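Chain by chain, the residues:
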Amino acid sequence: MTNEKAFSKAKDYISGGVNSPVRAFKSVKGSPVFIERAKDEFLYDIQGQKYIDFVLSWGPMILGHADKDVVNAVIKTARKGLSFGAPCTLETQLAKLILSKFSWLDKIRFCASGTEATMSAIRLARAYSKKDDIIKFEGCYHGHSDSLLVKAGSGATTFGTSSSDGVPNDFIKHTHLATYNDIHSVERCFAKSNQIGAVIIEPIAGNMGLVPAHLTFLVRLRDLCRANGAVLIFDEVMSGFRASLTGSYKFNKVKADIVTFGKVIGGGMNVAAFAGSDEIMSLISPQGGVYQAGTLNGNPVAMAAGIATLSKLYATPHIYEKLNDKAKAILKAIQNSAKKKGIAIQTAHRGSMFGFFFNENKIQNYADALKSDTKMYAKFHNQMLKRGVYLAPSQFETSFICTKMGKNSLEKVIEAIENSFKAL
């Protein structure tokens, strides 16, 4: 079966033919590739085509696909049962591993998705601060819960309007919108409302393309939250254990009150979490009155995958420098090839995360990102796909590198970049 036929058949039974919108390839004017299997840095589609993968399941496959140790841990645990809906010691093991890298976080609670983690973190922050309003930043995606699906209004900072049908205005009236890397927009939010109890941000934004927050901006944001009695939430669902073993902390040394995790801590399985101080986390049921629950929270198979993944990362911390070097090499190839063709390009990277924009100006926030040439990105994506390189099917996503990517694959990618730019 071809990819096109598979997509057509999927649309007969699945809304839109996909179970997550970006997979439809609409942003790159193409048709989705249906994957049959994956191994190391490679994807193999149902037509037998092989691709070097820079999506890596949107981040978690830092050790590459089907890592032997992770797969063995999953199989061994699955033989004992897929789900208990009851406590197991694997939860404690993974919790201890995660918290060992974050001295200011005392307790953690697992859930099944990043959306659940951020939604629960905000509920917890509101309970702790006893205030209903929150600030989020345009271009930062924190999952699809109602109060976080907000886009810009008429001003630089305003009450938001829904970016999804089906979200009542009553749900989002407590959400204030600020501009990423613009501390004055945050100050204006606090000036307009004395009921702001939480600020949530991706300290390394990965959902408008890769846009790291400035150090001075994050330091000032930390001070503003403290001065106004607001809980600072770092959404590190994507960057946690991806940018470094301590996520964004390696780059900014800013300690958020609550940190959300996901992606890598599940090793490819559906795991996320949120963590904070004893004082904050004690408010969660059964200790406190903040309700958060889920049958698959702490699922044993997912815990085993996370333990195997983090254990390997802890044992080989030098891999982050190697991944960083590979990201730099890829971005250098993109910059050089674009320059030869007279095409404007902006690049960024943090550890094993990297991104690029077809844009003449530096990208500081979502408004800057939206000025990028998405048609050019679509053409480039199509050319790279033809040459066996699988990039994110959207200008506004982040790319990732895994430890399995060797010299041969890197050389093939650089060659594909050069030839793709020549073909534009």
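Rules used throughout
Residues numbered from 1 in each chain as written. Predicted model: local features only at pLDDT ≥ 70, side-chain atom pairs only at ≥ 80, totals over all residues. Heavy atoms only, no water. Salt bridge = Lys/Arg side-chain N within 4 Å of Asp/Glu carboxyl O. Helix = DSSP H or I, 4+ residues; strand = E, 2+ residues; numbered from the N terminus. Buried < 20%, exposed > 50% of the residue type's maximum accessible area, 1.4 Å probe, protein only. UniProt positions renumbered as here; feature names shortened; annotations may be inferred. Contact = heavy atoms within 4.5 Å. Pairing = 2+ DSSP bridges. Axes fitted to C-alpha atoms, helices over the stretch in contact; angles between N-to-C directions. Domains from an automatic or database assignment. Buried area = accessible area lost by both parts, 1.4 Å probe.

Novice: Any chance you could break down the pattern of salt bridges for me, citing the residues and the numbers?
Specialist: One pass over the full model with this rule turns up 8 salt bridges. In this structure, arginine 220 and glutamate 187 form a salt bridge, with 3.5 Å as the shortest nitrogen-oxygen distance. With arginine 220 in helix 7 (residues 215-227) and glutamate 187 in helix 6 (residues 183-192), the pair connects residues that are 33 residues apart, well separated along the chain. On the accessibility criterion, glutamate 187 (28% relative accessible area) is partly exposed. In the salt-bridge network here, residues are joined through shared partners; they are Asp67, Asp69, Lys312 and Lys404.

Novice: Any chance you could break down the UniProt feature "modified residue: N6-(pyridoxal phosphate)lysine" (unreviewed entry) in the protein chain for me, citing the residues and the numbers?
Specialist: Under the local residue numbering, the UniProt record ascribes the feature "modified residue: N6-(pyridoxal phosphate)lysine" (unreviewed entry) to Lys263. Given a relative accessible area of 27%, lysine 263 falls into the partly exposed group. Ignoring sequence-local partners within four residues, the contact set of lysine 263 consists of Trp58, Pro60, Val237, Met238, Gly268 and Val271.

Novice: Can you break down the sheet that holds strand 18 (residues 389-390) residue by residue, with the values?
Specialist: Strands sit in the order 1-2-3-18 across an open sheet of 4 strands; the sheet is mixed. Looking at the sheet topology across the chains shown, the edges are occupied by strand 1 (35-39) and strand 18. The pairing of strand 1 with strand 2 (residues 42-45) spans 4 bridges and is antiparallel. Note that in strand 2 the partner of isoleucine 35 across the bridge is aspartate 45. Against the sheet, helix 14 (residues 407-423) contacts strand 2, strand 3 (50-53) and strand 18, and its axis sits at roughly 95° relative to strand 3.

Novice: Quick rundown of the domain arrangement of the protein chain? Include the residues and the values.
Specialist: Once the domains are mapped, the protein chain shows domain 1 (3-66 + 319-423) and domain 2 (68-315). The partner domain 2 presents 34 residues to the 31 residues of domain 1 that form the contact. Summing the contributions of domain 1 and of domain 2, the shared interface buries around 2,600 Å²; its carbon and sulfur component is 64%. Residues glutamate 321 and lysine 250 are paired through a salt bridge, measuring 3.1 Å at the closest nitrogen-oxygen approach.

Novice: Residue-level account of the pairing of strand 3, with values.
Specialist: Of the pairings in the sheet, the one linking strand 2 to strand 3 comprises 3 bridges and is antiparallel in character. Its bridge partner lying in strand 3, tyrosine 44 is registered against lysine 50. As consecutive antiparallel partners, strand 2 and strand 3 are separated by 4 residues, and within that stretch glycine 48 has a phi angle of approximately 90°, a positive value. For strand 3 and strand 18, the ladder comprises 2 bridges, and the chain directions are parallel. Bridge pairing in strand 18 links aspartate 53 to tyrosine 390.

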